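# Summary of the model geometry
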Amino acid sequence: MKKLLLLSIAVLATCTAAIGQEPNERESYRRSSLCLIMLTHNGKKYAEDMQRVFRNFPLPARYNEHNIADLRVINVSKKMSQPDIDKLVRSHNVAQRMVSRWFNRTEWDGAMNMDLIHERGGYGAFYSDYLRSKSNILGSALLRDEGIELLQSTFVLVCDMDYIDRSKGSSIFAGVLAGLAAVADVAGEVQRDRGNYNTANSWQAASSLGNAASAVVADIGGFRVKMNAYLYRLKWDDDLTQNMYGNFWIDENTKPEEVEARKQRYENSSDAFQLEFIGRYTESSSKTILKSWKNEDEVILDVCHRCVKKGMTELAKQFPVFRPRTPFYFEGDNMYAHIGLKEDVVQGKRYEILQPYKDKKGQICYKHVGRAEAGTPWDNMDVRFDQYFDPEWKGTQFFNAHCTGDIRMAGLQLREM
C-alpha cells in the first residue's frame, strides 16, 4: 500500500519540480476542463424552457467537459451578486464534487482511480505513445507531467441568465408568414381542382411550414437573454496532492479496515477543496436570428449558446489563465503544434511563447518569453487522439517565431495572445 501511494503521489507531484528544469521533457497539450452551471429565476418567462435546453448544452470543443450531472441548472428566487454566487457554489460543494469526478470517485464505497487524469493528461493513449516515440523536443515523460497542472486548469462558469424582452417586429413578421401560408393554401386548392396533385401537395407543404413558422415567430421571435457570467478556478497545490493520497485515497489495495475511515474523512472534508474567483463578464444576446426554426427549443438553444460562447471568449481575453495552452515541436526549421480549428486557430492569430515555472506555493505559473503567428489552421474537428493518432498529422505550422532564449528549449508552450 505504501509503495502504491508513493507512486501515485509521484504521478501528480513530480511535474511541478520538473517544469523548466529537465531539458529532455515536454508536457502534452492541456485542454482546460470546464464545469458549466446555469442559474434561472423563479416565475420568469421561458425559465423552464431555458432549463430544459441548458441541461444538454454543448461546450466549445476547446474545453474538456467537466459538468456535474445533477448540478447543471439551479433555480434562484432573487437577483444574484458575486457574494451570492460564492455562497451558492460552496453550499453545493462544487469544488469537492469536481475533484471527485477527476478521480472517478464512486459514492457508495469511495473508490478512486487515475483513469481520467491519464486520459486528459496524455490527450489519449495513442497520442501519448506517439509523443514518447518522438525526439527529445517532445520528450518521454508524458504521464508523469499531468496531474497538478490539469487540476489547476479546472474552471467553473456560473451563467446567471434571464429573458429580457421581445422584438416588436416579431409579431409583424409572424403576420407576414401567416399571410404567405394562406396564399400557399389557396394556391394548393386551385392546383388540386385542376388535377395537379404533386404541385398541390407542394403548396400544401409550404402552407403548413408557413403556419408552423408563424406560430414559433409570434411566440418567441424576439427572444433575448442577459447573462452575468462568473468564472472560478479550482485551487490545487502540493499539499492537497499529499492530502488526497495520504488521507482520502481508496482503491483495491486499501486495507479493508481503513476504507470506511478514509471514505468518511473525505466526505467530511469538503472545506478542504475551494474555488478561486477569477472574474465576471456581462453579455446580452443579439436579437433572435429567424431562420427555419421548427420549435422554441431551437431558438432558445441558439440564442443562449451564442451568448455563452461570446461570454467565454471575452473572459479568455480578459483572463489569460482561462486560455488553453499547447506545446510545439520542430521538424527541421519548421515549427508545428497539434492544435487547429477545434481550438479556434485562425491564420495570422498571434500566440505568446511561455516558459512554465513553479512558485513558492506550488502553483504553476507562466513567463512570457516570445511570440509566434499561426499559419493555415489544421482541420482537426473530427480528430480524436484517444482513438487514433496518425504520425502524418503535423498540426498547424507557426511562423515568425521570436524568443528571448533557445526556442527549442524544453517546456516552452504556446498560448493565445
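So, here is what we can say about the structure in this document. What you are looking at is a predicted structure, and each value in this text was computed from that prediction instead of being measured. (Residues numbered from 1 in each chain as written. Predicted model: local features only at pLDDT ≥ 70, side-chain atom pairs only at ≥ 80, totals over all residues. Heavy atoms only, no water.)

Counting buried positions over the eight residues of helix α2 (residues 47-54) gives six, a clear majority of the element. Buried within α2 are the following residues: A47, D49, M50, Q51, V53 and F54. Among the structural elements, β1 (33-41), β3 (73-76), β4 (154-163), β5 (225-234) and α12 (296-318) are those in contact with the buried residues of α2. (Buried < 20%, exposed > 50% of the residue type's maximum accessible area, 1.4 Å probe, protein only. Helix = DSSP H or I, 4+ residues; strand = E, 2+ residues; numbered from the N terminus. Contact = heavy atoms within 4.5 Å.)

One non-glycine residue, N93, adopts positive backbone phi at about 50 degrees. Assignment of secondary structure puts N93 in the loop between α3 (82-91) and α4 (94-102). Phi at N104 takes a positive value of approximately 50 degrees, unusual for a residue other than glycine. With respect to the helices and strands, the residue N104 is situated in the loop between α4 and α5 (115-121).

A word on α3. Residues of α3 that are buried: I85, D86, L88 and V89. An end-on view of α3 places all buried positions within 165 degrees of arc, on one side of the element. Along α3, exposed side chains directed more than 90 degrees from the buried face belong to P83, K87, R90 and S91. Contact partners of the buried residues in α3: β1, β3, α4, β4, β5 and β6 (275-284). (Arc of directions from axis to C-beta.)

This paragraph deals with the pattern of salt bridges. Inspection of the entire model under this criterion finds 13 salt bridges. Ionic pairing is found between K317 and E314, a salt bridge with its closest N-O pair at 3.5 Å. Highlighted residues: K317 and E314, both in helix α12, separated by three residues, approximately one helical turn. Looking at K317, the relative accessible area reads 54%, which means it is exposed. Here K394 ties to E331 by a salt bridge, and the two come within 2.6 Å at their closest N and O atoms. Here the residue K394 occupies a position in the loop between β11 (364-374) and β12 (396-403), and E331 occupies one in strand β8 (residues 329-331), the gap between them amounting to 63 residues. Judged by its relative accessible area of 34%, K394 is partly exposed. (Salt bridge = Lys/Arg side-chain N within 4 Å of Asp/Glu carboxyl O.)

With that settled, the discussion passes to the nonpolar core. General note: in soluble globular proteins, nonpolar side chains tend to be found buried as a group. Of all hydrophobic cores here, the largest spans 37 residues; its most connected members are V94, F103, V156, V158, M244, F273 and L275. No other element matches α4, which puts five residues into this core. Excluding residues within four positions of it along the chain, V94 makes contact with I37, I68, L71, V89, V156 and L275. The next biggest cluster of nonpolar side chains, apart from the first, holds 34 residues, and it includes L36, V73, C159 and M312. (Core = buried A, V, L, I, M, F, W, Y, C linked by side-chain atoms within 4.5 Å.)

Spatially, the seven strands line up as an open sheet ordered β7-β13-β10-β11-β12-β9-β8, and their pairing is antiparallel. One side of each edge strand has no neighbouring strand; the edge strands of this open sheet are β7 (325-327) and β8. Between one strand and the next, the sheet's axes are offset by a mean angle of 45 degrees, whatever the strand orientation. Pairing analysis gives three bridges linking strand β9 (residues 334-337) to β12, with the strands arranged antiparallel. In the strand pairing of β12, M335 is matched with F398. (Pairing = 2+ DSSP bridges. Axes fitted to C-alpha atoms, helices over the stretch in contact; angles between N-to-C directions.)

What follows concerns the packing of helix α10 (residues 238-248) against helix α11 (residues 256-267). Put simply, α10 and α11 touch, their axes get as near as 9 Å, and they point 140 degrees apart. The orientation of α10 with respect to α11, classified from their angle, is oblique. Where α10 abuts α11, its residues M244, Y245, G246, N247 and F248 lie against R262, R265 and Y266. Of the residues assigned to the contact of α10 with α11, the class counts are four nonpolar, two polar and two charged. (Parallel < 35°, antiparallel > 145°, perpendicular 65-115°, else oblique. Nonpolar A, V, L, I, M, F, W, Y, C, P; charged D, E, K, R; others polar.)

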